[in-house]
Amino acid sequence: MEFSDVVRRRRMVRRYDARRPVPREVVERCLANAVRAPSAGFSQGWDFLVLSDEPERELFWRTTTTPDAPSDTWLSGIRQAPVLIVCLADKEAYLDRYAAPDKGWTDRDESRWPVPYWDVDTGMAALLLLLTAVDEGLGGLFFGVPATRHDAVKAAFSVPRDRRIVGVVSIGHPRPGPRSPSLRRPRRGLADVAHWGRFGRRRPDDGRAPLPDPPAATPG
């Protein structure tokens, strides 16, 4: 499949066919592409907890949900996914890497990082999982774990306490279902989100009059 087709076909899939498993070699190809994601300093501060056996997945859902909660169509559809991949970020790998001689931040001061690149890079790896799933003829979803359940998930699966759960990718064969209400929102066009040269300036050859240059920032 062409890359542009993979990008256009990617959707967040919330319903799966539980009768159709995902072969292990397909999961491994997804993971092999995930570790090709960029990472600051080639720190590669990510880990992937793969839950492909039914007892493992059931433990995950017991740990992250409330048994007596009202029926939830969204959740019941996702629970049918035959593969869950918990994406974990390792902050210490980045602090260690940038304390190395070729980087020189020997104090390992986290305040040097205005953006937590360990989370950003793990998120990019998660996107490669999703895109590879599409390329394999599958569907995927990226979803979060409730903040109050992170410690329980780590304890249940022996995840080191210093890892952060960035999110979970579910993978499987999609089933038809109702469209997400969020899809009623229009996709923002390039003219709305792309700024050329400075914020607020549209590309001049898009057939529309360019916006005037915004005023220069006032010092201080």
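That block above? That's the structure.
Residues numbered from 1 in each chain as written. Predicted model: local features only at pLDDT ≥ 70, side-chain atom pairs only at ≥ 80, totals over all residues. Heavy atoms only, no water.

(A) Local environment of the packing of aromatic side chains. On inspection of all chains with the given rule, the structure shows 10 aromatic pairs. Plain terms: the ring middles of tyrosine 98 and tryptophan 113 are 4.9 Å apart, the flat faces sit at 85° to each other, and that makes the pair edge-to-face. Of this pair, tyrosine 98 sits in the loop between helix H5 (91-97) and helix H6 (117-135) while tryptophan 113 sits in the loop between H5 and H6, and the two are 15 residues apart along the sequence. Of the residues examined, tryptophan 113 reaches a relative accessible area of 12% and is grouped as buried. (Phe/Tyr/Trp six-rings, centres within 6.5 Å; stacked < 30°, edge-to-face > 60°. Helix = DSSP H or I, 4+ residues; strand = E, 2+ residues; numbered from the N terminus. Buried < 20%, exposed > 50% of the residue type's maximum accessible area, 1.4 Å probe, protein only.)

(B) Representation of the environment of glycine 177. Checked against the element boundaries, glycine 177 lands in the loop between strand S4 (163-172) and helix H8 (190-193). Between the alpha carbons of glycine 177 and proline 67 there is a distance of 24 Å; along the sequence they are 110 residues apart.

(C) The pairing of strand S2 (residues 83-90), seen in detail. Most of S2 is tucked away, with eight of its eight residues classed as buried. Judged by which residues are buried, S2 turns out to be covered on both faces: Val83, Ile85, Cys87 and Ala89 on one side and Leu84, Val86, Leu88 and Asp90 on the other are all buried. In this structure, strand S1 (residues 46-51) lies alongside S2, joined through six bridges in antiparallel fashion. By the bridge assignment, valine 50 is partnered in S2 with isoleucine 85. Where S2 lies against S4, eight bridges are found, and the strand directions are antiparallel. When the bridges of S4 are listed, aspartate 90 appears paired with arginine 163. (Pairing = 2+ DSSP bridges.)

(D) Broad picture of the pairing of strand S3 (residues 139-143). Of all five residues in S3, four are buried, a share of seventy percent or more. Bridging between S3 and S4 involves five bridges; their strand directions are antiparallel. In the sheet register, glycine 140 faces S4, and the bridge partner there is isoleucine 171.

(E) Region of the structure containing helix H3 (residues 54-64). Within the sequence span of H3, burial applies to Arg57, Phe60, Trp61, Thr63 and Thr64. Taken around the axis of H3, the buried residues stretch over an arc of 165°, which confines them to a single face. Residues Glu54, Pro55 and Arg62 are exposed on H3 and point more than 90 degrees away from its buried face. Close packing links the buried residues of H3 with S1, helix H4 (73-78), S2, S3, helix H7 (150-156) and S4. (Arc of directions from axis to C-beta. Contact = heavy atoms within 4.5 Å.)

(F) A look at the sheet that holds S1. Read across the sheet, four strands follow the order S1-S2-S4-S3 without closing on themselves; strand pairing throughout is antiparallel. Single-partner strands in this sheet number two, and they are S1 and S3. On average, each strand axis in the sheet is inclined to that of its neighbour by 25°, with strand direction left out of account. Running at roughly 170° to S1, helix H2 (residues 24-34) makes contact with S1, S2 and S4 of the sheet. Against the sheet, H6 contacts S1, S2, S3 and S4, and its axis sits at roughly 160° relative to S2. (Axes fitted to C-alpha atoms, helices over the stretch in contact; angles between N-to-C directions.)

(G) Region of the structure containing H2. Taken together, the buried positions of H2 are occupied by Val26, Val27, Cys30, Leu31 and Ala34. End-on view of H2: buried residues confined to an arc of 140°, all on one side of the axis.

(H) Region of interest: the environment of proline 114. Topologically, proline 114 is positioned in the loop between H5 and H6. Given the relative accessible area of 77%, proline 114 is considered exposed. Counting along the chain gives 81 residues from proline 114 to histidine 195, while the straight-line C-alpha distance between them is 23 Å.

(I) Region of interest: the side chain of threonine 122. Examined against the element boundaries, threonine 122 turns out to sit in helix H6. Leave out the neighbours within four places in its chain, and threonine 122 touches Gly45, Trp46, Cys87, Leu88, Ala89 and Val166.

Taken by themselves, the reported measurements are silent on function.
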